[in-house]
Amino acid sequence: MSHYHFLGIAGTAMAGAALLMKEMGHTVSGSDEAIYPPMSTLLESQKIDIASPFAATNLPKWAYTAVIGNALSRGNPELEAVLSHRDSYCSMAELLRWEILRKRHPIVITGTHGKTTTTSIVAHAMQEAGENPGFLVGGIPKNFEINARTGTGKWFVIEGDEYDTAFFDKRSKFLHYVPQIVVMLNLEFDHADIFANIEEIDLAFRRLVLTIPENGTLIVNAEDERLDKIAATARCHVLRFGVTDGDIWTEHAECTPTGWRVTAVLPNDDRIDFELPLSGRHNLMNALAALGVAYASNAKRDRFVAGLGTFKGVARRADVLCDGTVTLIDDFGHHPTAVATTIDGLRKTYPNRRILAAFDPRSNTSVRKFFQLEWAEALSRADISWIHQLHRLEKIPEADRLDRNQLVSDIMASGATAFACDQVDEIIAGILAEVRDRDVIVMFSNGAFGGLKERIAKDLTERFQK
């Protein structure tokens, strides 16, 4: 057994990898700068020691391997100590490949949107089908309440991130994952800090296809033209899925307030009826992709399909925190397409109710002007939006920044209402001044949002339960 010390352990994937190593019997420790739920509570529940902030003194005194998170860069004091001591180190993706993935049959779920939800759906449905898969998810599936486990079956379901691997390895992480099955959900521009344009992301996906063996399977969104061209380069079997077209498609699909009711058609013209307790067209596509995995893996189909109906969702993916007089929802959305589809889904789940949105521009793409118009289009789907200050504003040249004032102006021109707020306190005050019975409040952030959800939940409870 080895000792693995994770630098950047509070990252979702890093925390999951740490859990896997501990489950395998290794000694695990870690460090990070900012640690907040749900990862902080998850790591605490697994009794993994975490030091904060980063410091050379955090490093173990005896032989160990440092696992370097991709958020770390040169100048970090703990990383500099690893290099100066000439200690053993690797990336998280390398660790997973050599300790777990090369010994299993990986199912790699990729795409700009929907990776976490689809990975969770597949892991749960495979479990219900009796496959006992291992998994690593970039969130916490509510059916498991943990985001990683080794499993005992041959399959390992893993969220395939196109983001870079580490400061010393700029390849996409998913290029390390030796897949047997690859799912490609969609492809849009994202990660503006490492990709200059969508063509660079396209190249990363093409490289992933090159790693699929001839006896493997590529499951691809038939509605995405870029992915269709990428699929044409595959040497393996290709399955296409779509609502109206593909090898797997829907003969009937009805979205109700409780989720989807679907009749799907498979490649052999079999009809399958299933329910999915999630809203939004994007989640219907996620479920069709999951059916592709069931078909490609020869999982017990009836039990797999039954698992779709018992899927409970993922923490921070349209996660309902309270649903009383006012409904409060926490969502990880940080890309305009994801935010737009989430709001559309909420409109169907909560018809004839106002939607109030709080948006935290925090990701490296959302703080830049790439999606200036797209953000206005997405947020104008809400009735009222509050837009927080840009994260790490000082690190972005003014000419490259998302223009919040223009964003507010464009949203207002569409007929909706919007406010730019520099402080979380302003957002809370604005929401409390505006909210009324039956409103739906949704918070979009891939971070802690300054404790907004905890504070607003407390204030709403006090106000509407009196």
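The following paragraphs examine the structure supplied in this document.

When its secondary structure is counted, the protein shows 14 helices and 23 strands. For 466 residues, the compact-globule estimate of 2.2 N^0.38 gives 23 Å, and the C-alpha radius of gyration of the protein, at 22 Å, lies within 12% of that figure. Across its three principal directions, the C-alpha atoms of the protein cover 60 × 55 × 45 Å. Counting all 466 residues of the protein, 56% fall into the buried class. Surface accessibility of the protein: about 19400 Å² in total, with carbon and sulfur atoms responsible for 47%. Charged side chains of the protein number 50 positive and 61 negative; the gap between the two group centres comes to 3 Å.

Pairing between strand 10 (residues 164-166) and strand 11 (residues 169-172): two bridges, direction antiparallel. Looking at the pairing, Ala 166 lines up with Asp 169 of strand 11. Connecting strand 10 to the antiparallel partner strand 11 that follows it, the hairpin turn spans two residues.

A word on the side chain of Arg 104. Locating Arg 104 in the fold gives a position in the loop between helix 4 (92-99) and strand 6 (105-110). Lacking a salt bridge, the buried Arg 104 has Glu 23 as its closest oppositely charged neighbour, with an N-O distance of 8.2 Å. From its side chain, Arg 104 meets the backbone oxygen of Thr 150 in a polar contact 2.9 Å long. A distance of 3.4 Å separates the side chain of Arg 104 from the backbone oxygen of Trp 155, its partner in a polar contact. Apart from residues no more than four positions distant in its own chain, Arg 104 is found in contact with Pro 133, Gly 134, Thr 150, Gly 151, Thr 152, Gly 153, Lys 154, Trp 155 and Phe 156.

Quick look at the sheet that holds strand 1 (residues 3-7) now. By way of backbone hydrogen bonds, the strands of a sheet pair with one another, either parallel or antiparallel. Taken in spatial order, the five strands make up an open sheet running 3-2-1-4-5, and their pairing is parallel. The strands lining the two open edges of the sheet, one partner per strand, are strand 3 (49-51) and strand 5 (88-91). Ignoring strand direction, the axes of neighbouring strands in this sheet form an average angle of 25 degrees. In the packing of helix 1 (residues 12-23) onto the sheet, the strands contacted are strand 1, strand 2 (27-31) and strand 4 (65-68), and the crossing angle to strand 1 comes to about 170 degrees.

Another point: the packing of aromatic side chains. Here the structure, examined in full by the defined rule, presents eight aromatic pairs. Measuring from ring centre to ring centre gives 5.3 Å for Phe 174 and Phe 205, while their planes differ by 80 degrees; the resulting arrangement is edge-to-face. Here the residue Phe 174 occupies a position in the loop between strand 11 and strand 12 (181-184), and Phe 205 occupies one in helix 6 (residues 198-210), the gap between them amounting to 31 residues. The two residues Phe 174 and Phe 205 agree in class, both being buried. The structure contains a cluster of three or more aromatic residues connected by ring pairs, namely Tyr 89, Phe 167 and Phe 168. Over the ring of Phe 332 we find Arg 317, and its NZ or CZ is 4.2 Å from the ring centre.

Take Thr 263: it is sitting in strand 16 (residues 259-265). Exposure remark for Thr 263: the relative accessible area of 15% places this residue in the buried category. Within the structure, the side chain of Thr 263 is placed 2.6 Å from the side chain of Asp 273, a separation counted as a polar contact. When residues no more than four places from it in sequence are discounted, the contact partners of Thr 263 are Trp 249, Thr 250, Glu 251, His 252, Arg 271, Ile 272 and Asp 273.

Cis geometry is found at the peptide bond from Ser 52 to Pro 53, where omega equals 0 degrees. Along the chain, Pro 53 turns up in the loop between strand 3 and strand 4. With a phi close to 75 degrees, Arg 316 is a non-glycine residue in the positive phi region. Structurally, the position occupied by Arg 316 is in the loop between helix 9 (301-309) and strand 18 (319-323).

Let us look at the pattern of salt bridges. Under the counting rule described, the total for this entry stands at 23 salt bridges. A salt bridge links Glu 199 to Arg 226; its shortest N-O distance comes to 3.4 Å. One end of the pair, Glu 199, is in helix 6; the other, Arg 226, is in helix 7 (residues 225-231), with 27 residues separating them in the sequence. The class of Glu 199 is partly exposed, set by a relative accessible area of 46%. Residue class for Arg 226 comes out partly exposed when judged on its relative accessible area of 27%. Salt-bridge contacts for Arg 347 lead to Asp 383; the nearest nitrogen and oxygen are separated by 3.1 Å. On the criterion of sequence distance, the pair formed by Arg 347 in helix 10 (residues 336-349) and Asp 383 in the loop between helix 11 (372-379) and strand 21 (384-388) is long-range, its members being 36 residues apart. Take Asp 383: its relative accessible area is 28%, and that puts it in the partly exposed class. Because the salt bridges share partners, they merge into one network encompassing Glu 199, Asp 202, Arg 206 and Arg 226.

Reading the values: the criteria
- Residues numbered from 1 in each chain as written.
- Predicted model: local features only at pLDDT ≥ 70, side-chain atom pairs only at ≥ 80, totals over all residues.
- Heavy atoms only, no water.
- Helix = DSSP H or I, 4+ residues; strand = E, 2+ residues; numbered from the N terminus.
- Rg over C-alpha atoms; globule rule 2.2 N^0.38 Å.
- Buried < 20%, exposed > 50% of the residue type's maximum accessible area, 1.4 Å probe, protein only.
- Areas by Shrake-Rupley, 256 points an atom, 1.4 Å probe, with all protein chains shown as cover.
- Lys, Arg positive; Asp, Glu negative; His and termini not counted.
- Charge placed at Lys NZ, Arg CZ, Asp CG, Glu CD.
- Pairing = 2+ DSSP bridges.
- Salt bridge = Lys/Arg side-chain N within 4 Å of Asp/Glu carboxyl O.
- Polar contact = N/O pair within 3.5 Å; in protein donor to acceptor, adjacent residues only side chain to side chain.
- Contact = heavy atoms within 4.5 Å.
- Axes fitted to C-alpha atoms, helices over the stretch in contact; angles between N-to-C directions.
- Phe/Tyr/Trp six-rings, centres within 6.5 Å; stacked < 30°, edge-to-face > 60°.
- Lys NZ or Arg CZ within 6 Å of the ring centre and 35° of its normal.

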